[in-house]
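A structural walkthrough
What follows is the residue order along each chain.
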Amino acid sequence: MSRTLLSNFLALHLSRTFHLKSTYATFKNRKATNENVPKLLSQHVPHVNPFESEMEQFIKTTHSLTGIHQFQENIISKYNSKLLTKESFDAIFMRMCLACRNYQLGKQFLHHIDQAGRQANTATLGKFLSLCYFCSAEVEDKSEVEKLCLSITDKWQEGLKLLQEDETAHYSLAMNAMVNCLLSHNHFDSAILWMDKIIAKERPISEFVYEHWLRKCAAHHNCWQIFSDFLVRGGVFLKQPIVQKLKDVLRNRSRDPFLGQFTAIDESTGRCQSCQKVLKNTDITDEEFAALRKRITEKVLLGTDVFLGSKPEEMQRFKELIKTTAPYDIVIDGLNVAYHISTKNRKQSSTKVDALMSVVKYFTNQKLRVLVLTREHLLKGVALQRMKQEAHIFITENLSRDDPFLLCAAVQSKHTKFVSDDLFRDHLFRLADFRLQAIFRLWQRRAQVQIVKIDRNGSVKFHHPPPYRTVSQFADGCWHIPYDDGTPRYSYESPTTWLCLQPKSQA
Ligand SMILES: [Zn+2]
């Protein structure tokens, strides 16, 4: 078992590149996330807290921890900082061992905690885990590391909370390592929980985790069910090499094998060029939409969203507007649209206003009910009067954030569409509920319209949501799985490359 861990958990990571990439199927797809190796202290990273450099000196010059108790008392009383307390000392000391890549001292320190009859907290264990990862050549007993992984994953909720405080690259590494470890022990449901959390934080899931899942799918029949549920919910785009392996695994399994074809989906119709089936869109149920609407509206209108930063009078004005003029067919993020005009002309506010007017007219010419959110500085005087004849207007103060107002106005009715380039990633995350986040993504994919370009003559080109789902899906007995073949694409585009999987029995 320890050899398995060696290959899965440590050696695999180290033998490969540290740059982990992953792509998510948010409405605007991030192309890639590069995760950099955490810097060593020798690379002159400035210390955030003054006590850290003293700790670093201690770690670099000491070889035994006989004086650690005295050192701890002295440094805590010397700096008298809320950040450095008896409770936080262990994790901070281990973090500094990690920064110095001093595995031997980190190991001794863990032993010291144990000898003192205390239990190392999860933050300390998490840091030690990362230290093992970076100093794997020095780790003699791999089974110890494996036990450590499990001890953290058993307390996964607590561990997660502590790990989330660590916003560095260690976070993803430790999380992915834990998923890997859980998979080694066939704790599939827990592995999925951790992966959901990684996705919710928009962190990358490592390729080795996907490879591990595929090995499990080959060995355990029920694994594909669990993993495919994750693909559907998580909206992840796998990379081509992983999809190739997935195709092989599903073809070779003894029960319910599938035959795969790499294919493309017609963007205007949603028709698969391989099996000729038409991919469908997913409707959000009324109940799901009501839950999303309730949460977003409460956050904005009841002022529970501290993030908003707007004044009570502004909020009151918005409430009145919604009460008297909602629902809308289209809600437009005015500032976002105004900045769509070419950078050359950006500074002329008349050009920005013209761009916004072109977009508004595109919709009002179709007799649609439009709300424009704009800023004090953007729209005033004659331009404002002209705009008021076309649409409902809400002017936010220059310092307020307008995206919460935009979302709130857009969720007043299920049929409403909104025009914006924003990703709303922070809103998505702050929903803090995986089910609502999934509903938000579905809604966003259906409701968000993006501007491709606005010509000087006023003609506007939009990117409308495609008429089918652009994530992994199962219907009529077959699977369609989009994958990333590495072709560069615009942020609002989904991959055009798909794997079409048909049951072998029908082939
Ligand atoms: Zn197909």
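Residues numbered from 1 in each chain as written. Predicted model: local features only at pLDDT ≥ 70, side-chain atom pairs only at ≥ 80, totals over all residues. Heavy atoms only, no water.

**Observations concerning the overall build of the protein**
When its secondary structure is counted, the protein shows 21 helices and twelve strands. Looking at the protein residue by residue over its 507 residues, the buried ones come to 53%. Contacts in the protein between residues at least 24 apart in sequence constitute 68% of all its contacts with a sequence separation of at least 6. (Helix = DSSP H or I, 4+ residues; strand = E, 2+ residues; numbered from the N terminus. Buried < 20%, exposed > 50% of the residue type's maximum accessible area, 1.4 Å probe, protein only. Contact = heavy atoms within 4.5 Å.)

**A short note on the packing of helix 11 (residues 207-219) against helix 13 (residues 240-252)**
For the pair helix 11 and helix 13, the least separation of the axes is 10 Å and the interaxial angle reads 5°. By the angle class used here, helix 11 and helix 13 are roughly parallel. Across from E207, Y210, E211, L214, C217 and A218 in helix 11, the residues of helix 13 making contact are I242, K245, L246 and V249. For the contact of helix 11 with helix 13, a count of residues per class yields seven nonpolar, no polar and three charged. (Axes fitted to C-alpha atoms, helices over the stretch in contact; angles between N-to-C directions. Parallel < 35°, antiparallel > 145°, perpendicular 65-115°, else oblique. Nonpolar A, V, L, I, M, F, W, Y, C, P; charged D, E, K, R; others polar.)

**Some remarks on the side chain of T325**
With respect to the element layout, T325 can be found in helix 15 (residues 312-325). Among the polar contacts listed, one links the side chain of T325 to the backbone oxygen of L321, at a separation of 2.7 Å. Contact partners of T325, with chain neighbours within four places excluded, come to R369 and H392. (Polar contact = N/O pair within 3.5 Å; in protein donor to acceptor, adjacent residues only side chain to side chain.)

**Here we look at helix 12 (residues 223-234)**
A rise of 1.5 Å per residue sets the reference length of helix 12, with its twelve residues, at 16 Å; its end C-alpha atoms lie 16 Å apart and thus fit the reference within 8%. Those residues of helix 12 not exposed but buried are C223, W224, I226, F227, S228, F230, L231 and G234. Two residues or fewer after helix 12 comes G235, characterised by a positive phi angle close to 60°. (Expected span 1.5 Å × (residues − 1).)

**Re helix 13**
In this model, helix 13 (13 residues) spans 18 Å end to end at C-alpha, consistent with the 18 Å of a helix rising 1.5 Å per residue. Taken residue by residue, helix 13 has I242, V243, L246, K247, V249 and L250 as its buried positions. In an axial view of helix 13, the angular spread of the buried residues amounts to 165°, which keeps them on one side of the axis. Residues of helix 13 that are exposed and angled more than 90 degrees away from the buried face: P241 and N252. (Arc of directions from axis to C-beta.)

**Brief notes about the environment of F394**
Mapped onto the fold, F394 is located in strand 6 (residues 392-396). For F394, a relative accessible area of 2% gives the class buried. For the pair F394 and T374, spaced 20 residues apart in sequence, the C-alpha to C-alpha distance is 6.2 Å.

**Side note on the coordination of the zinc ion**
Ligation of the zinc ion by protein atoms is provided by C272 (SG), C275 (SG), H480 (NE2) and C500 (SG), these donors lying 2.1 to 2.3 Å from the ion. Note that the zinc ion binds four donor atoms; their angles at the metal cover 105 to 117°, and the shape is tetrahedral. All donors to the zinc ion come from one chain, and their sequence spacing reads C-x2-C-x204-H-x19-C. Of this pair, C275 sits in the loop between strand 3 (258-264) and helix 14 (286-301) while C500 is found in strand 12 (residues 497-503), placing the two residues 225 residues apart along the sequence. A residue is classified by how much of its surface remains accessible, and C275, at 22% relative accessible area, is partly exposed. For C500, a relative accessible area of 1% translates into the label buried. (Donors = N, O, S within 2.8 Å, 3.2 Å for Na, K, Ca; no water. Tetrahedral: all angles 85-135°; square planar, octahedral: opposite > 155°, others 65-115°.)

**Here we look at the environment of C275**
Each C-alpha atom, one on C275 and one on Q261, is 9.0 Å from the other, the two residues being 14 residues apart in sequence. Those residues in contact with C275 that sit more than four places away from it in its chain are H480, C500 and Q502.

**Side note on the sheet that holds strand 6**
Taking strand neighbours across the sheet as the criterion, the six strands line up as 6-5-4-7-8-9 in an open arrangement whose pairing is mixed. What marks the edges here is a single partner per strand, and that holds for strand 6 and strand 9 (460-463). The mean angle between the axes of side-by-side strands here comes to 25°, regardless of whether they run parallel or antiparallel. As paired strands, strand 5 (residues 370-375) and strand 6 are joined by five bridges and run parallel to one another. Bridged to V372 within strand 6 is I393. Together, strand 5 and strand 6 form the strand contacts of helix 15, whose direction differs from that of strand 6 by roughly 170°. Docked against the sheet, helix 19 (residues 403-410) engages strand 4 (330-333), strand 5, strand 6 and strand 7 (417-419), running at close to 175° with respect to strand 4. (Pairing = 2+ DSSP bridges.)

**Focus: the packing of aromatic side chains**
If you walk through the whole model with that rule in mind, you get 25 aromatic pairs. Ring plane angle 70° and centroid distance 6.1 Å describe the contact between F51 and Y79, whose orientation is recorded as edge-to-face. Taken together, the positions of F51 in helix 2 (residues 50-61) and Y79 in helix 3 (residues 68-79) put the pair 28 residues apart, joining distant regions of the chain. Exposure remark for Y79: the relative accessible area of 24% places this residue in the partly exposed category. Where F89 meets F93, the ring centres are 5.7 Å apart and the plane angle is 20°; that geometry is what we call stacked. On the criterion of helical spacing, the pair formed by F89 and F93 is a turn pair, its members being four residues apart in helix 4 (residues 89-99). Residue F89 shares its accessibility class with F93, and that shared class is buried. Through a chain of ring-to-ring contacts, three or more aromatic side chains come together here, namely F188, Y210, W213, W224, F227, F230, F474 and W479. (Phe/Tyr/Trp six-rings, centres within 6.5 Å; stacked < 30°, edge-to-face > 60°.)

**Comments concerning the pairing of strand 2 (residues 236-239)**
Taking every second residue as pointing to the same face, both faces of strand 2 are buried, with V236 and L238 on one and F237 and K239 on the other. Bridge analysis of strand 2 against strand 11 (residues 478-484) gives two bridges, and the strand direction is parallel. Bridge assignment links K239 to a residue of strand 11, and that residue is D484.

**Here's the deal with the packing of helix 10 (residues 188-200) against helix 12**
Following both chains from N to C, one finds helix 10 and helix 12 inclined at 15°, their axes separated by 11 Å at the closest point. The orientation of helix 10 relative to helix 12 falls into the category roughly parallel. Seen from above, helix 10 lies across helix 12 with right-handed handedness. Contact residues: F188, D189, I192, M195, D196 and I199 in helix 10; C223, I226, F230, R233 and G234 in helix 12. (Left-handed = near helix turned anticlockwise from the far one by under 90°.)

**A look at the side chain of T364**
In this structure, T364 sits in helix 17 (residues 349-364). Assessed through its relative accessible area of 12%, T364 is described here as buried. When neighbours within four sequence positions are excluded, T364 is seen to be in contact with V370 and E390.

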